Amino acid sequence: TGYRYMTIPQLAETATRPPQTTMSSSTTTTDESPVLQDLRRHLTGSSTDSGAAIDPEHRTAVALPVAAIKSLLGVIQRSQANTMMGLQEELRGAAEEMMAFATDCPGSLQLLGGRSHIALASGCELFMK
């Protein structure tokens, strides 16, 4: 009781859409994939500064697992998959990309605001289940 089943389009509709902003050439994040741009936006609250970091003392109210889930909802919004298997592959790839970024990129420690990448992994795993 209390569970509501939704179709993929309904689920994508419920996700928050990224704000439409114009970016100057010095602040574009074209080298980042959309899922990483979403993650950065949810964690920093800024969609224009690719080098934005979180001050551990003044973090946004969004927890890292919640930011991961919101970023994966963005993958559903952008998905062109025609099957559930195709959608699952896209989501799995996006989750792996976020994890690779969190564990391998030197700038990820600033973005995560000193938080462990384990929280990111748990958010991705929870969403995938």
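Quick note: structure is the one above.
Report on the accompanying structure. One numbering rule holds for all chains: residues counted from 1, following each sequence as written. Totals for whole chains, interfaces and linings use every residue, but because this is a predicted model, local features are given only for residues with pLDDT of at least 70 and side-chain atom pairs only at 80 or more, for both listing and counting. By convention in this description, side-chain values take in all heavy atoms of the structure and omit both hydrogens and water.

**Quick word on the overall build of the protein**
Helix numbers and strand numbers start at the N terminus; a helix is a DSSP run of H or I with at least 4 residues, a strand a run of E with at least 2. Each helix and strand in the protein was counted, giving 6 helices and 0 strands. In the protein, the order of α-helices and β-strands from amino to carboxyl end is α-α-α-α-α-α. The buried label goes to any residue with under 20% of its type's maximum accessible area, the exposed label to any with over 50%, and the partly exposed label to all in between, with areas taken from a 1.4 Å probe on protein chains only. Among the 129 residues that make up the protein, the fraction classed as buried is 34%. Surface accessibility in these figures is a Shrake-Rupley result with a 1.4 Å probe; residues are shielded only by whichever protein chains are displayed. Carbon and sulfur atoms make up 55% of the accessible area of the protein, which totals about 8100 Å².

**Considering helix 2 (residues 34-44)**
Burial analysis of helix 2 places 9 of its 11 residues in the buried class, which makes it a mostly covered element. Along its buried surface, helix 2 packs onto helix 3 (64-78), helix 4 (84-104), helix 5 (108-112) and helix 6 (117-128). Should any heavy atoms of two residues lie within 4.5 Å, those residues are counted as being in contact.

**So, the pattern of salt bridges**
Within this document, salt bridges are pairs made up of a side-chain nitrogen of Lys or Arg and a carboxyl oxygen of Asp or Glu, the two lying within 4 Å of each other. Summed over all chains, the structure comprises 3 salt bridges. The closest approach of N and O atoms between Arg41 and Asp38, which form a salt bridge, is 3.4 Å. Remark: Asp38 and Arg41 occur in helix 2; sequence separation between them is 3 residues, near one turn of the helix. Each member of the pair Arg41 and Asp38 is classed as buried. Among the charged side chains, a network of salt bridges with common partners joins Asp38, Arg41 and Arg78.

**A look at the side chain of Ser71**
Relative to the assigned elements, Ser71 resides in helix 3. Not counting chain neighbours up to four residues away, the residues in contact with Ser71 comprise Val35, Asp38, Leu39, His42, Arg78 and Met98.

**Let's talk about the nonpolar core**
In summary, soluble globular proteins display a tendency toward joint burial of nonpolar side chains. To qualify as a nonpolar core, a set must consist of buried Ala, Val, Leu, Ile, Met, Phe, Trp, Tyr and Cys residues joined through side-chain atoms within 4.5 Å. Core analysis: the biggest nonpolar cluster contains 24 residues, and Leu43, Leu72, Met98 and Leu120 have the highest contact counts within it. Counting residues per element, the ones that place at least two in this core are helix 2, helix 3, helix 4, helix 5 and helix 6. When residues of this core are assigned to their parent elements, the largest contribution, 8 residues, is made by helix 4.

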